[in-house]
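Examination of the molecular architecture
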Amino acid sequence: MNIKETYRRFRAWQLDPFDYSNHSKGIERCANCGTEFNDNFCPRCGQKAGVGGVGWKTVRQGLMLIWGIDNRSLGYSLLQLLLRPGYMISDYLSGKRQVSFPPVKMLLLVAIGMMVVDFLFSSPDVESSASNSVNTAFDMFDKWSDNNLGWSVLIVSSFFLLPTWFHSRNSPKHYHHTLPEGFFIQVFMSSLMVMTAIVCKILDCIELLLVIPCWYVIAYRQLFGYSWWGTLWRVSYCFIEGMIAIIFVAYAANVIMGAPHVENRIIFSLVGWIIFTVLTGYLIDRRHKK
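Everything quoted here is computed from the prediction, not taken from an experiment.

**A look at the environment of Phe101**
Mapped onto the elements of the fold, Phe101 is located in the loop between helix H4 (85-93) and helix H5 (103-121). Residues Phe101 and Tyr76 lie 25 residues apart in sequence; the distance between their C-alpha atoms is 8.5 Å.

**Topic: the packing of aromatic side chains**
All chains considered together, the criterion is met by 10 aromatic pairs. A ring pair is formed by Tyr92 and Phe184, whose centres lie 5.5 Å apart and whose planes are at 45 degrees; its orientation type is tilted. One end of the pair, Tyr92, is in helix H4; the other, Phe184, is in helix H9 (residues 179-203), with 92 residues separating them in the sequence. Judged by its relative accessible area of 12%, Tyr92 is buried. Look at Trp233 and Tyr237: their rings are 5.8 Å apart centre to centre, the planes differ by 85 degrees, and that puts the pair in the edge-to-face class. With a gap of four residues between them, Trp233 and Tyr237 both fall in helix H11 (residues 228-257), about one helical turn apart. Exposure remark for Trp233: the relative accessible area of 4% places this residue in the buried category.

**A few points about the packing of H4 against helix H10 (residues 211-224)**
Packing of H4 against H10 brings their axes to within 6 Å, and their N-to-C directions diverge by 45 degrees. Relative to H10, H4 is oriented oblique. Judged by the twist between their axes, the crossing of H4 over H10 is right-handed. Between H4 and H10, the contacting residues are Pro85, Gly86, Tyr87, Ile89, Ser90 and Leu93 on the first element and Ile218, Ala219, Gln222 and Leu223 on the second. Here the contact of H4 with H10 is composed, by residue class, of seven nonpolar, three polar and no charged.

Parameters at a glance
Residues numbered from 1 in each chain as written. Predicted model: local features only at pLDDT ≥ 70, side-chain atom pairs only at ≥ 80, totals over all residues. Heavy atoms only, no water. Helix = DSSP H or I, 4+ residues; strand = E, 2+ residues; numbered from the N terminus. Phe/Tyr/Trp six-rings, centres within 6.5 Å; stacked < 30°, edge-to-face > 60°. Buried < 20%, exposed > 50% of the residue type's maximum accessible area, 1.4 Å probe, protein only. Axes fitted to C-alpha atoms, helices over the stretch in contact; angles between N-to-C directions. Parallel < 35°, antiparallel > 145°, perpendicular 65-115°, else oblique. Left-handed = near helix turned anticlockwise from the far one by under 90°. Contact = heavy atoms within 4.5 Å. Nonpolar A, V, L, I, M, F, W, Y, C, P; charged D, E, K, R; others polar.

Note that every value here comes from positions in space, so none of it alone points to a role or purpose.
Have a look at this one:
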C-alpha cells in the first residue's frame, strides 16, 4: 500500500467529499409528478430518480429514516465531524447544508447516545452520597447536566463563542464571521466533545478527554485557515478566557444564591485576567495575522 497515495486521497476527500455528478442512465420519468428528466432528482418536485415499487429496500430506508439516516445521514455527518471537523463546519457556514445532518438535532441525538452509554457502562455499586448537597452554582449545574448532557456541553461551549469571534474575526477563511455562525461552530464542537466522552466511557479511559483541546486546534485550523502556531495560541486564549468567564458567572451566581462567601479579591483577579488576556490577544493578533 502506498502511504503517500492513501494520504493524498484522504486529503482530497477532506477538502471535497461530495459527489454531485449525474448518475442517471437515461431519461427518467418521475413517479411522483410525471416529469421527464435526465438527472439524479426531479427538477419539479425534487423526488429522487429511480423510485419504484415498495420492496425490502423501501422498508430498510423507512426504518433508517426514523433515526435520520437518509441522504443527510447522521452517521456520515458524524464521520465527517471526526475526520474533517473544520472543513465540515466551513461547508455548513458557506451554505452547503443539504448534505449535512441538522447540527442541533445531531447534538441532541449524540447526547441521547451518551445517556444510553452511561446507563450501560455505569458501575451499579456507585451511588451518590447523601452528603452531596447542592451548595454552589457548580453543584447545581453538575446535578442538572447529568440528565441534560447535550445542553450542558453547549452551554459550556458557548463561553468560547465570543473569544473565538474576537481572535478569529480577521481569519484568512471566513473573514468577518458572525456570532450566529459562531453559535453553530460551538454546536458542532459540542457534538464532537460528547462523542469523545462516549468513547471515554466505553473504554473507561478518562485521559482521552485531553483530546478535546486537540480537536479544537485541528478544527479551528481547518476552519479559519491560520498556521499551526496561529491556531494554537488562539485556541489557548479562547480556553483561558472561556474558563475565566465560566468562573466569573459561577461566582456571580453564588452571590445571588447566598452561597458561601468568596473573597472579593478573587473577582478582581478574574477581571484582571480578562483584561490581560484580551489585551495580549489583541497585540499578538496584530503581529500575527496568519
